[in-house]
Amino acid sequence: MLLIQGINYDKCTECSNCVEVCPAQLFSETDDKEKKYVFRNPHDVCVKCGHCISICPEEAILFEDEDSAFNFEGTKNLPDIVSYEDLLKILRMRRSMRVFKDKPVPEKKLEKIIQAMRYAPTASNRQNWRLTVVTNKKEIEYLSKESTKDLKLAKKLLPLRYLALPFLSPALRKRALDPRTKVILDRELGDVEKGKDIVFFNAPCVIILYSRAYTSNMAPNDAGVVITHGMLAAQALGLGTCWIGIAQRVFQKRKIKKHFKVPRGYQVYGVITLGIPDIEYQRAPPRRAVRVQRME
Ligand SMILES: Cc1cc2nc3c(=O)[nH]c(=O)nc-3n(C[C@H](O)[C@H](O)[C@H](O)COP(=O)(O)O)c2cc1C
């Protein structure tokens with residue numbers, strides 16, 4: 001974990017950028033002519049965001065971490081590396097992949113995806129999410145079966161829906177009354193009976209993301225950002241992904257959490273598949289317009 005240790009006064013040019021960017025205001029001015037600015041963190045309120053390291057033109061911030069600061073040519077000219085137009089093409093061409101080659105994900109690519117997830121932002125820079133990477137076919141099959149158990153129960157209960165209506169949440173009530181629910185259930189259960197993997201689509205790798213639930217509970221939001229980083233990185237490596245909400249839901253069961261080594265006090269906020277695509281999308285589909293309200 002990042003530990004800011006202070007300022008290297010041999011390098012500091014007193015530009016005060018660190019004072020300006022620190023969200024916890026831990027850099028302040030002093031009367032000392034030799035040390036115009038100091039770093040004080042008496043109650044360990046530093047969020048370890050590293051913005052002081054990022055902003056300092058002289059690399060004068062002293063810190064300790066297993067990771068190093070990242071300097072590269074063109075740091076300040078990101079539009080020269082990826083233009084908005086190119087980035088938008090990449091974003092629009094990302095697809096949820098549900099057709100995979102029967103081949104494992106190369107270990108090096110998996111590492112690279114995890115590396116991209118590592119640099120995702122999190123609320124208060126908590127970074128407290130963890131992963132379980134499942135590549136064992138039997139385990140993926142087990143999770144798939146557990147995820148479709150509810151479908152069988154739903155089919156059994158569907159004829160009784162009118163009796164259950166007063167006890168259902170508004171969302172479930174809407175679903176129970178929707179005539180499409182039965183059609184979808186029949187199709188999905190038919191596929192399961194034929195031995196199709198309707199949950200993971202025979203993906204060779206499943207990634208489970210979990211975090212400790214915390215007070216302001218931004219953990220689900222953190223998960224969304226972390227997983228998006230992973231999905232985009234996978235795309236850049238020629239791999240396909242799909243977020244699998246249907247599998248995420250079964251992690252409400254303690255038995256499943258334990259089986260997949262989710263520690264106590266942690267909740268699963270994302271499950272994705274990863275694999276080598278066996279299909280190539282030709283174009284991006286349309287999307288509906290964003291409904292924007294302006295307050296000027
Ligand atoms: C939170 C979330 C949960 C999802 N759950 C599932 C799922 O359980 N099964 C599935 O096949 N696709 C799932 N998807 C994929 C969506 O169906 C897909 O993103 C959407 O249809 C748009 O297609 P695209 O990702 O190719 O743009 C999920 C996506 C998100 C963001």
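Everything below is about the structure shown above.
Calculation criteria
- Residues numbered from 1 in each chain as written.
- Predicted model: local features only at pLDDT ≥ 70, side-chain atom pairs only at ≥ 80, totals over all residues.
- Heavy atoms only, no water.
- Salt bridge = Lys/Arg side-chain N within 4 Å of Asp/Glu carboxyl O.
- Helix = DSSP H or I, 4+ residues; strand = E, 2+ residues; numbered from the N terminus.
- Buried < 20%, exposed > 50% of the residue type's maximum accessible area, 1.4 Å probe, protein only.
- Pairing = 2+ DSSP bridges.
- Axes fitted to C-alpha atoms, helices over the stretch in contact; angles between N-to-C directions.
- Contact = heavy atoms within 4.5 Å.
- 1 Å grid on protein atoms, 1.4 Å probe; cavity = no way out; pocket = protein on both sides within 12 Å on 5 of 7 lines; lining within 4 Å.
- Points joined across faces, edges and corners; volume = space filled by probe spheres on them.
- Nonpolar A, V, L, I, M, F, W, Y, C, P; charged D, E, K, R; others polar.
- Near = heavy atom within 4 Å.
- Polar contact = N/O pair within 3.5 Å; in protein donor to acceptor, adjacent residues only side chain to side chain.
- Areas by Shrake-Rupley, 256 points an atom, 1.4 Å probe, with all protein chains shown as cover.
- Parallel < 35°, antiparallel > 145°, perpendicular 65-115°, else oblique.
- Left-handed = near helix turned anticlockwise from the far one by under 90°.

Engineer: Could you give me a rundown of the pattern of salt bridges, with the residues and numbers involved?
Structural biologist: Taken as a whole and assessed by the stated rule, the structure comprises 14 salt bridges. We note a salt bridge from E141 to K145, for which the minimum N-O separation is 3.9 Å. Residue E141 and its partner K145 are located together in helix α6 (residues 137-157), separated by four residues, close to a single helical turn. Residue D178 pairs with R180 through a salt bridge whose shortest N-O separation is 2.8 Å. Looking at R180, the relative accessible area reads 57%, which means it is exposed. The network of salt bridges with common partners includes E146, K149 and K255.

Engineer: Residues and numbers for the sheet that holds strand β7 (residues 240-243), please.
Structural biologist: Backbone-to-backbone hydrogen bonds pair the strands of a sheet. The strands run either parallel or antiparallel. As summarised here, the arrangement of the four strands in space is β5-β6-β8-β7, forming an open sheet in which the pairing is antiparallel. Since the sheet does not close on itself, it has two edges, and those belong to β5 (129-134) and β7, each with one partner. Each neighbouring strand pair of the sheet contributes to a mean axis angle of 25 degrees, computed without reference to strand direction. Two elements, β5 and strand β6 (residues 205-212), share six bridges in a ladder whose sense is antiparallel. Counterpart to R130 in the pairing with β6 is Y210. Helix α5 (residues 107-118) rests against β5, β6 and β8 (266-275) of the sheet, and its axis sits at about 165 degrees to β5.

Engineer: Tell me what's going on with the layout of surface pockets, and back it up with residues and numbers.
Structural biologist: If you add up the space inside the largest pocket, you get close to 1500 Å³. Along the wall of the largest pocket there are 34 residues; nearest its centre are S54, S68, A69, F70 and Y119. Counting only elements with at least two residues in the lining of the largest pocket, the list comes to α2 (51-55) and β4 (61-64). The greatest single-element share of the lining of the largest pocket, amounting to four residues, is contributed by α2. Considering only residue class, the lining of the largest pocket consists of 18 nonpolar, nine polar and seven charged.

Engineer: Now, about empty space enclosed by the protein: what can you tell me, with residues and values included?
Structural biologist: Over the atoms rolls a probe the size of a water molecule, and in doing so it shows where empty space is left. A complete count under the given rule lists three cavities of 30 Å³ or more for this structure. Here the largest cavity defines a volume of roughly 100 Å³. Here the lining of the largest cavity is built from residues that sort into 10 nonpolar, three polar and two charged. Space inside the second largest cavity adds up to approximately 80 Å³. Forming the boundary of the second largest cavity are 13 residues, of which C22, C46, C49, G50 and C52 lie nearest the centre.

Engineer: Describe the site of the ligand, naming the residues involved and giving the relevant values.
Structural biologist: Surveying the vicinity of the ligand reveals the residues R94, R95, S96, R98, F201, C242, W243, I244, G245, I246 and R287. In the model, a nitrogen atom of the ligand is placed 3.1 Å from a nitrogen or oxygen of the W243 main chain. G245 places a polar main-chain atom, nitrogen or oxygen, 2.9 Å from a nitrogen atom of the ligand. Coverage of the ligand by the protein amounts to 59% of the 620 Å² it exposes when considered alone.

Engineer: Describe the packing of α6 against helix α9 (residues 179-193), and please don't skip the residues or the numbers.
Structural biologist: As a packed pair, α6 and α9 sit with axes 10 Å apart at the nearest point and diverge in direction by 130 degrees. Regarding the angle of α6 to α9, the classification is oblique. As α6 packs across α9, the resulting crossing turns out to be left-handed. Between α6 and α9, the residues in contact are T148, L151, K152, A154 and K155 and L185, D186, E188, L189 and V192, respectively.

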